[in-house]
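A closer look at the structure
Listed below, chain by chain, are the residues.
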Amino acid sequence: MRRSFSVLAAALLTGTLLTGACALPASAADGAGAGDQGFTFKDPRITESSGLAASRRHPGIYWTHNDSGDGPYIYAVDSRTGKTVARITLRGIGSPRDVEAISMGPDDQIYVGDIGDNLDGTWPYVWIYKLPEPKVLKDQTVTAAQYVVKYANGPRNAESLVVHPKTGRVYIIDKKEDGGHLYEGPATLSTSGANVFKPIATVDLWATDAAFSPDGRRLAVRGYFGGIYYDWNGGRIKREGRLDVPMQGQGEGVTYSADGTKLLYSSEGADSAVEAKDAPGRPASTSDSPSAKGTSGPDGGSYKLGAVIVAAGAAVLFGMRRLRRRG
C-alpha cells in the first residue's frame, strides 16, 4: 500500500510539473532568452534579503543585504552559483537601524537605504549610505558617505529606494497598505544637514521595493503579491501595466538585470530563491490583457496557470504522504 501511494503521488506530481512547464512561456520553460535566469542564495549569513541590485561593473553579480540586525554589510552574490564572492563592510556610518533597499547609481555608485520604520513614524529621520562599487570583488572595508533624510510631510515607513541611472537623483516610495507616494530627493544629496524628500506622485501599491530600468525610462514597483510598472518622465509617472511577480514567502527585493531584459525578485528567508521574469516591453494594452497576463491577483499581480498547477501538484503529494503515514 505504501509503495502504491508513493508511485501514485510521484506520477501526479510529475504530470502537474510537466503541465506547468507547458503553460509557461518558452523562455522560462527551456531557459532560453537573454539576461540572468535566477538563482538561490547559498550564503548562510543571508537570511533576510531585503533589497537587490544588479552590478553594472561585474556581469552576473547581484548586491543584497539583510534586514535589521546584521550590521553594516552588503553582499556580492554570483548569480551563476548563488555563492557570495564578497562581503563589504561599510565604514564611517555608525550602526544601521533598518536597512531595506539597495540601488545602483551612475558612475558605479552603490546606494543603501536605511529607511525602514516598522512603527510607521517613530524615527524623525532615516539614512542613505553611498559607496563606490569595488573594482575587485573580495571581502573588504569601504568608506561610505552618510546622508540624513527627512520627509516634507513627516516620518514614515519605507522599503523602496531607487536612483535614476542617468541623473543620479534619489527617490523613495513609502510603504502604505492602501498605496503610497513617490518622494523626490534634492538634485544633489548633502552630508551637511537634512535632505528633505518631497512627495511628487501617488503609487497604487503596498510597495516593498522598486527599480529603474537601465535606460531610466521605466520604474518597476513590487509588493508582496504583485507589482506595477510606470513610464518615467522626469518624475511624472504614468502607469503602464502589471508586473508578473512570483509568489514568494516575503518578497522584498526587485531589480532589472544589467541588460534590462529581466526583472529579478528576491525574498527574505534562508536559502531563498531569486526568481527571474521577462521585463515588460510591450504596450500596456497588450501586457494587461487577460491572454497575456492570466488571472490577476491582489496588488495588481498575476499568477500564471503553471504556478497554480505546480502548487496543486505539491498539495497532492503532501496529502498522499499524510495518508501514507496514517496507513
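To keep things clear, this report deals only with the structure shown in the data block.

1. A few points about the overall build of the chain
A count of helices and strands for the chain gives 5 helices and 23 strands. Counting across all 327 residues of the chain, residues that qualify as buried make up 48%. Long-range contacts, defined as pairs at least 24 residues apart, comprise 54% of the intrachain contacts of the chain with a sequence gap of at least 6. If you sum the accessible surface of the chain, you get close to 14700 Å²; carbon and sulfur atoms cover 53% of it.

2. Re the sheet that holds strand β18 (residues 236-243)
Spatially, β15-β16-β17-β18 is the arrangement adopted by the 4 strands of the open sheet, whose pairing is antiparallel. Two strands in the sheet have a free side with no partner beyond their single neighbour: β15 (209-212) and β18. Going from strand to strand, the sheet's axes swing by 25° on average, the running direction of each strand aside. When β15 meets strand β16 (residues 218-222), the two strands line up antiparallel, connected through 4 bridges. Paired with Phe212 across the two strands is Leu219, which belongs to β16.

3. Thoughts on the pattern of salt bridges
Within the structure shown, the criterion is met by 10 salt bridges. We note a salt bridge from Glu184 to Arg169, for which the minimum N-O separation is 3.6 Å. One end of the pair, Glu184, is in strand β13 (residues 180-184); the other, Arg169, is in the loop between β11 (158-163) and β12 (170-174), and 15 residues separate them in sequence. We classify Glu184 as buried; its relative accessible area is 18%. On the basis of relative accessible area, Arg169 is assigned to the partly exposed category, the value being 26%. Residue Arg239 is joined to Asp204 by a salt bridge in which the shortest nitrogen-to-oxygen separation is 3.9 Å. With Arg239 in strand β18 and Asp204 in the loop between β14 (194-203) and β15, this pair connects stretches of sequence that are 35 residues apart. Its relative accessible area of 40% is what places Arg239 among the partly exposed residues. Taking relative accessible area as the criterion, Asp204 reaches 47% and is therefore assigned partly exposed.

4. Details of the side chain of Thr208
By the secondary structure assignment, Thr208 is in the loop between β14 and β15. Classification of Thr208 as buried rests on a relative accessible area of 0%. At 3.0 Å, the side chain of Thr208 and the backbone oxygen of Gly251 are in polar contact. Setting aside its immediate chain neighbours within four residues, Thr208 contacts Glu159, Ser160, Lys175, Arg222, Gly223, Tyr224, Gly251 and Glu252.

Reading the values: rules and limits
- Residues numbered from 1 in each chain as written.
- Predicted model: local features only at pLDDT ≥ 70, side-chain atom pairs only at ≥ 80, totals over all residues.
- Heavy atoms only, no water.
- Helix = DSSP H or I, 4+ residues; strand = E, 2+ residues; numbered from the N terminus.
- Buried < 20%, exposed > 50% of the residue type's maximum accessible area, 1.4 Å probe, protein only.
- Contact = heavy atoms within 4.5 Å.
- Areas by Shrake-Rupley, 256 points an atom, 1.4 Å probe, with all protein chains shown as cover.
- Pairing = 2+ DSSP bridges.
- Axes fitted to C-alpha atoms, helices over the stretch in contact; angles between N-to-C directions.
- Salt bridge = Lys/Arg side-chain N within 4 Å of Asp/Glu carboxyl O.
- Polar contact = N/O pair within 3.5 Å; in protein donor to acceptor, adjacent residues only side chain to side chain.

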